[in-house]
Every structure is written in C-alpha cells, then in structure tokens.
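Here is what each chain is made of, one letter per residue.
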Amino acid sequence: MATDLQAKYTKLAQEYSKLRAQNQVLKKAVVDEQANSSSFKEQLKQREQSLRKVEQEMDSLSFRNQQLAKRVELLQEELANSEARGKKSKQKTGDSPSQHALQHPSVFDEDLQKKIEENERLHIQFFEADEQHRHREAQLREQLEVLERDAAQHQAVVDGLTQKYMETIEKLQNDKAKLEVKSQTLEREAKECRLRTEEWVCLHCAVSANSQQQLRKFQTELSSQLEHTTNIIKEKVPFNDTRHAHYNTLNVPPHNRRHQLKAQDVAGQALGFVQDLVAALLNFHTYTEQRVHIYPRDSAIEPISPLNQKFSQYLHENAGYVRPLEDGLQQLFESITEETITTLETTVKLKDFSDHFTSYTRFLQKILPYQLKSLEEECESPLCTSSLTSKNKELQDDMRKMTSVFEKLQNYISLLSLPSTKPEALPPSSFSAVFTQLAACLHGLQDAMKDVSKHYSQKATLEQDLPTVTQKLRTTNECILSSLGSLTNSTGKIATFFSNNLDFFTASAGYGPRGGLGLLNPLQAECMLQNKRRAAAYILRLRKPRPESVPYLEALSNRRVLTSSTESREGLTQQVQQNQEKIARLEQEKEHWLLEAQLSRIKLEKETQRIADLERQLSMALAGQPPSAAQSSPAAPRPGQEGAESVECDPKEPVPTTSLVGMLTTTQISEEAGDEQSREQLIKSHYMSRVADLTAQLQVADSKAVHFHAECRALAKRLALAEKSRETMTEEVKMANQNISRLQDELTTTKRSYEDQLSMMSDHLCSMNETLSKQREEIDTLKLGSKANSKKNKSR
C-alpha cells in the first residue's frame, strides 16, 4: 500500500513539474506579448504626435491663407482706386502721369501672381498632407484594433490557463495532503503491528514449553485411540461401503449449510455488479446510436448514409439483448436459497443466463462490421485529420478486442452451464481450470474497456478542436465517455470480485458423497431436499397441539339447547311472516281509509256551507227581506277564491266574477234553485282553489327550476375549472413522481457505490489481515528456528 502511495505521489509530482514548465512557457509568451503591445503603444503615441504637428501646420497654413486672401482683397481695392485716380489724372495732366500709373499696377500684378501661385502650392501640399494623414490614421487604427483583439485573446488564454493551473495546483496539494495523512496512518498501523508481533513473540516463548508437553501427551492419547478404533473396525465392521463409489451413492450425502449461505451471498454481489454492467452497456449503445445520427452527418440537416442507418437500427435493439442478462442472473439469484443445494450440477438457471449471454455476444458480432465501417466513414470525412484517423483505427482494434473477449466469456459460461444439462460433458476435475480461465478473461475485459475509454477520450479532445463541432456532439461525447468510465469501473469490480472469490468457486462443493468418492448426482440432491421437507412437515405435525375436548354431559346439554333453539327459530320465522302479511294488509286498508276521509271531509265542507246558506236565508226571511235579495247577495268567500269580487246587479243578469285563472261567468241562483246548483257551485269553487294551489306550486317549481339551472351552470363551470386544476395537478404529480424516481435511482446508485467501496475496503482489510497473519507465522517460525539452533549450539 505504501509503495502504491509513493508511486501515486511521484506521478503527481511529475505532472506538477510538467505543469510548472508549461506555466513558465506561457508566462514567457505573455511577457513577450506585453512587450509587443507596449512597443505598439509607443509607436501609436509617436504617430499621434506627428499627427498633431501636421494638424498644427495645417492650421497655420489655413490662417496664412486667410491673411493672403484679405491682402489680395485689399490690393484689388487699392488697384481699383488707383485705376480710378489714374483716369482722373490722365484727364487732368495728359500723358506724363499715365506712365507712372502703368508702372504701379504692374508691380501689384506681379506680387498678386506670386501670392496666388504660393497659395495654390500650399493648397496642394495641405491636401496631400491631409490625405496622407487620413490614410496613416486608418492604418494605425486597424493595427490598433488587431493588436487589441490579439491582446484580449492572449489575456483570455492566459487567464484560463492560470485558473486551470491554479485548480490543478490546489488539487495536487489536496492529494498531497491526503497522501501524507494516509502515509501517517499506515506508519502508525505498521508501528502497532510491530508492537503486536513483539507481544505475540513474548507470549509464544512463554507458551511454547507447555505446548510441546501437551503435544506429546495428545500424540500418545491419539495413537492409543487409533489402535483401539482400528481393532474395533477390524472386528465389528464387516463391510465399508464408502470405499466403493457405486455403493457410496446409496448413503445419505452430507450438506454444508455455511457453504450454501456463502453461495447465496456471492450470487447477490454478482447480481449487483451485473446490474451496473447492464446499465453501463445500455447507456453506451444508446449514446453511440445518438452519435451516429449527429456525426459525420447531422440527420436533422441531411440524411445519413444507409450504413449508419442500418447500424442505428441495430443499436436501437440493444435493450432486447442487454436487459435479459440482468433478468437471467436475477432468476439464478432467486433460485439460490437456504433450503436448496447449489452446485454446478443443480443450478439449472445458469443455462438461461448462458443463453442470454450468447444472444448478446451474437448481437456484438452483428454490429461489429457496421461499427468498423462507420469509423471508416468518419475517416473519409474532409474534416478528419491524420490524428483522428489514427485514433479511429485504434478504436477499431479495441472494438475487435472487446468483441473477442466477450466471445471468450460466452464460451466459458456455456462450459459452466453444461453440468446442469449434460453432466458427462464436463468432468468435475475441469471446473477449477474453467473458473481460472474465466477470471483471467474478466481481467482481459477490464483491460479492453480501459483501452476503449482512453482512446475515445483522446478522440473526443481532438474533435473538440474541429471548427464544425456542435454542442450536441460535445454532450454526446461526454455521455459516451461517462458510460465507458462506468463500464471500466463495473468490469474492474467484477474481475476483482471473481478473483477474490476464486478459491470459493474452485473449492469442493458443500454437498457431495461421503468420502469424496464417486460423481455427484443431481437426483441425490433433489431426493435429499424432498426428504428434508417431509421430515420438517412430520416434525411440525407431531408438534401440533391437540384441540381441547368437551365433556360428555356438557355436550348432551348443548345438544338439547341447540334442538330447542332450532325449533323456536322456526316458530319465530313463521310469526315474522304472518306479521309481515298483516302489516301489508293494514297498509292497504290505511290507504283506503285515507281516501274515504278525504271524501267525507269534502262532504262535510259542502254540508257546512249549505247549512250556513240556509241559516243566512232563514235570518233574512225572519228580518222581512225578500228571498231574491238574499239569493242575489254574494256568497261568503270560499277557500281558494282569492281576489274574487261580488257585484250587485240585476237578478236576471249574469254575475261576472274574476279569479286567478281568468273570468268566470256564473248565473244567479234563483229562489227555486235546489241542491244541485249549490253542489255545482261548491265543486266549482273547490276546483278553482285546487287550480290556484297548482298554479302557485307551478310558479314555485319554475323558480326552483331556474335556480337549479343557474346552480347547474355554476357547478358546470366549477367542474370545468376543477378538471383543469386536476389535469395540472396530475402533471405536477407526474413530474413529482419522475423526480422521486430519479432521486431514488440516484440514491440507489450512491448506495451501490458506497456498498462497493465498503466491500472493496473490507476486502483490502481482509488481505491486510492475511498478510499480517502470514508475517506473524513467519516471525514465529523464524523465532522457533532461531531458538532451536541456539539450543543445538548450546548442547554442542
């Protein structure tokens, strides 16, 4: 462990030194760029100074030009004045002054011509200087922009590199601190181990004398017991059936339960590793399919080649070949329980796993030519460089190697599945050789996956420098690299796990014939398990408690009570039926009498009305009024005639009355009107009241219907809103469930990683303990040898 740590530390120190050297080179480049930028800035300052001088000269020339223009104007004015004066003087004095006047303008003309020529020359110089200044200024500005752009790029590169190197330095410092802490802990453990070894040596020296005496005593006792047992076997045992394989198969075979528990534990660990391997293979094939659609041609822009289309179609079917591996090993793990016997002859489910692995190997053989051709197509791309071509060729070799390793694994797994179907095809003596070769093949698979991951990472870094690389390709490459990393880790764990448990796999099974003679028969295991289950069931049946018995007298009394209760129950059921019939008949009579009561109530109202009319007529007759007036007077208001009005009119004219349903015309009741007309009037008033009640009930029903309709519309709106909220809530619940499942997956992966780390640490501790025990044994043997030599020397 200490050597590994020193190797890691030296490797980290070498990387640190390389990074420091690269950092020095980059610092030198940055200093050179800064010097160049400062020189360019000085040149720019000089150009600006020259530009200012030219501008000053141009300002002075413009000022001088203005002065000359003013002077020319003055001279022209003076010339005009002089000409006017010359004309006047010519008129006055004649020819003598005219010569003087002609001489004077010629001087001015010459001076003016010189000034004009000088002004033109200055204008030409000024225009040329202005053009040169503008051209030079544009050149300097372009150079300044280019230099500023280069300086910004260099500064960004320098910042990125400094940040990267600072991160690497911090990482290396942290690793160095961790390694120092580990080295200190290892030194502490080594000191403790030395102290323990010294203590054990002292104890061994103290105990060695007593142990030798006890050893002699035990040897004498065992020799005497051996002689006694051999004499008994010779005298008492006529036939030893364990010496013959044919007869030994009839004996009850022994069964090691501890071996079975170990097999169950090993199968569970193998299932976890295979689950990680299956997940990594699924991700690798899926992301490879995604890359085929992106590079070298993007399927969203242009169609991909028919070869890549076929390759993508085959890759899309990877789940149908990869997932059965996990299912087959899951079934194998479920078949291994504490109650079963696990050997290569009895593990029938191993054949299913072997078939699934064979189908996956055929799938790899099927996609291998397409994968190689796809890499060749990438090499034929115009943007593919020579380094990328070499990496693609290396990847082709790695893919061939990986497929061949899977073929070897499939051969060994199919060999291990033969004893469960054809026991004579693979003898037990070849089991250990097959397991050893399988362990070596698993280590070869780990090496192949390491090569694939390394070459693919180099290829991804080269593709990032291409000008046409897209973000999709970068993310796909990162996903493929992560899947290859998980594949490397899972294959490494499987190889380490198989190597650590190779002794268990190659050791003799926990079940077999007595004395180790003869071949193992799977029927014996099945018979032993059946006998074991029968024995367990028999013991449970024996241990089942008897039910408590009832005394005879108590049973007789219970029988009497039971018979009496059954008779009373039948009588009660008959009484209940009779009572139900009576209740139904009484209900019918009740309805009949209710109708009779309603009719009698109506008759009573009619009679009371008629009596009231008669009493009124009698009182009017006693008062002396004519009966016609009494009859023409309006009758008392009857129930149901709401809003009816009585109108006094002629006895021979009809009496109009109004009610809730309309106008009704009734004839006046004459003095000779009998009971029939009064009965008709009563029936009419009764039906009018019923109609009024029904109209009121109809209005209430209409109002309730309107109210209920409004309520239904509101409820429909609320229902629609509730449906929308329910849909949103269901989507939120789906998202929450997806998040929960994702978190659970992350939790399971972290648990698995922690469990793997713990298992690796426990394996490491076990190996350390084994090495310590071996060292202690060697120390003890050396000390014993030294003591024996010292005693021999003393005796001599």
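Here's a quick rundown of the structure. What you see is a predicted model; the values in this text were computed from it and never measured.

Scanning the protein chain for helices and strands turns up 16 helices and 2 strands. Residue pairs at least 24 apart in sequence account for 81% of intrachain contacts in the protein chain once pairs closer than 6 positions are excluded.

To continue, consider the packing of aromatic side chains. Throughout the structure, instances matching the rule amount to 11 aromatic pairs. Ring centres of F353 and F357 lie 6.3 Å apart, and the angle between their planes is 40°; this geometry places the pair in the tilted category. With F353 and F357 both in helix α7 (residues 349-379), this residue pair falls 4 residues apart, about one helical turn. Here F357 falls in the buried class, since its relative accessible area comes to 7%. Seen from their ring centres, Y360 and F406 are 5.7 Å apart, and the 75° between their planes marks the pair as edge-to-face.

Relative to the helices and strands, F284 is located in helix α4 (residues 257-292). Distance from F284 to N318, taken between C-alpha atoms, is 9.9 Å for residues 34 residues apart in sequence.

Taken as a whole, this structure holds 16 salt bridges when the rule is applied. Two residues, R52 and E48, come together in a salt bridge whose shortest N-O distance is 4.0 Å. One end of the pair is R52 and the other is E48, both in helix α1 (residues 2-93) and 4 residues apart, which spans about a single turn. In this structure, D276 and R752 form a salt bridge, with 3.1 Å as the shortest nitrogen-oxygen distance. Of this pair, D276 sits in helix α4 while R752 sits in helix α16 (residues 675-795), and the two are 476 residues apart along the sequence. A relative accessible area of 21% places D276 in the partly exposed class.

Residues N308, F311, S312, Y314 and L315 constitute the buried set of helix α5 (residues 306-316). Projected down its long axis, α5 shows its buried positions confined to an angular sector of 160°, all on one face. Summarising the geometry of α5, the exposed residues directed more than 90 degrees from the buried face are P306 and H316. Of the surrounding secondary structure, the elements contacted by the buried residues of α5 are α4 and α7.

Further remarks concern the packing of α5 against α7. Contact pair α5 / α7: the axes reach a minimum separation of 10 Å and the direction vectors enclose 145°. Between α5 and α7 lies a crossing of left-handed hand. When α5 is examined against α7, the residues L307, N308, K310, F311, Y314 and L315 are found in contact with a partner set consisting of F363, K366, I367, Y370, Q371, K373, S374 and E377. Here the contact of α5 with α7 is composed, by residue class, of 7 nonpolar, 3 polar and 4 charged.

Time to look at empty space enclosed by the protein. Summary: where empty space remains is shown by rolling a probe the size of a single water molecule over the atoms. Per the counting criterion, the structure on display carries 5 cavities of 30 Å³ or more. The space that makes up the largest cavity amounts to roughly 170 Å³. Taken together, 15 residues line the largest cavity, and the ones lying closest to its centre are T288, R291, Q371, L375 and Y456. At the level of elements, α4, α7, α8 (386-416) and α10 (431-464) are the ones that each hand at least two residues to the lining of the largest cavity. Residue composition of the lining of the largest cavity, grouped by class: 9 nonpolar, 3 polar and 3 charged. Taken together, F284, H285, T288, F311, L315, L364, I367, L368, Q371, M399, M402 and T403 make up the lining of the second largest cavity. Broken down by secondary-structure element, the contributors of at least two residues to the lining of the second largest cavity are α4, α5, α7 and α8. Considering each element in turn, the lining of the second largest cavity owes the most residues, 4 residues, to α7. Across the lining of the second largest cavity, the residue classes break down as 8 nonpolar, 4 polar and no charged.

It is at 9 Å that the axes of α4 and α5 come closest, and there the two elements cross at 155°. In terms of orientation, α4 lies roughly antiparallel with respect to α5. The way α4 lies across α5 gives a crossing that is left-handed. Judged by residue contacts, H285, T288, E289 and V292 of α4 engage N308, F311, S312, L315 and H316 from α5. Taken together, the residues that form the contact of α4 with α5 break down as 3 nonpolar, 5 polar and 1 charged.

Reading the values: the criteria
Starting afresh in each chain, residues are numbered from 1 along the sequence in its written order. Reporting of local features is limited, given that this is a predicted model, to residues whose pLDDT is at least 70; pairs of side-chain atoms are given and counted only at 80 or more, and all residues count toward the totals for whole chains, interfaces and linings. As a rule here, side-chain values cover all heavy atoms of the structure and leave hydrogens and water aside. Each helix corresponds to a stretch of at least 4 residues labelled H or I by DSSP, and each strand to a stretch of at least 2 residues labelled E; elements are numbered beginning at the N terminus. Contacts between residues were defined by any pair of non-hydrogen atoms, one from each residue, lying within 4.5 Å. Each aromatic pair joins two rings of Phe, Tyr and Trp (for Trp, the six-membered one) with centres within 6.5 Å, and gets the label stacked for planes under 30 degrees apart, edge-to-face for over 60, and tilted for any other angle. Each residue is assigned to one of three classes by its accessible area relative to the maximum for its type, calculated with a 1.4 Å probe on protein chains only: buried under 20%, partly exposed between the two thresholds, exposed over 50%. When a carboxyl oxygen of Asp or Glu is within 4 Å of a side-chain nitrogen of Lys or Arg, the pair counts as a salt bridge. Starting at the helix axis, one direction is taken to each C-beta atom, and the arc is that of these directions. The angle between two axes is taken between their N-to-C directions and runs from 0 to 180 degrees, where each axis is a line fitted to C-alpha atoms and a helix contributes only its stretch in contact. In this scheme the handedness of a crossing depends on how the near helix is turned from the far one: anticlockwise by less than a right angle means left-handed, clockwise means right-handed. Polarity classes work like this: nonpolar for Ala, Val, Leu, Ile, Met, Phe, Trp, Tyr, Cys and Pro, charged for Asp, Glu, Lys and Arg, and polar for all others, with Gly in that last group. Cavity: a set of points on a 1 Å grid over the protein atoms alone where a 1.4 Å probe fits but cannot get out. Pocket: an open set with protein on both sides within 12 Å along at least five of seven lines, its lining residues, like those of a cavity, having an atom within 4 Å of a point. Grid points are joined across faces, edges and corners, and a volume is the space filled by probe spheres set on the points. Working rule for angles: under 35 degrees goes down as roughly parallel, over 145 as roughly antiparallel, 65 to 115 as roughly perpendicular, anything else as oblique.

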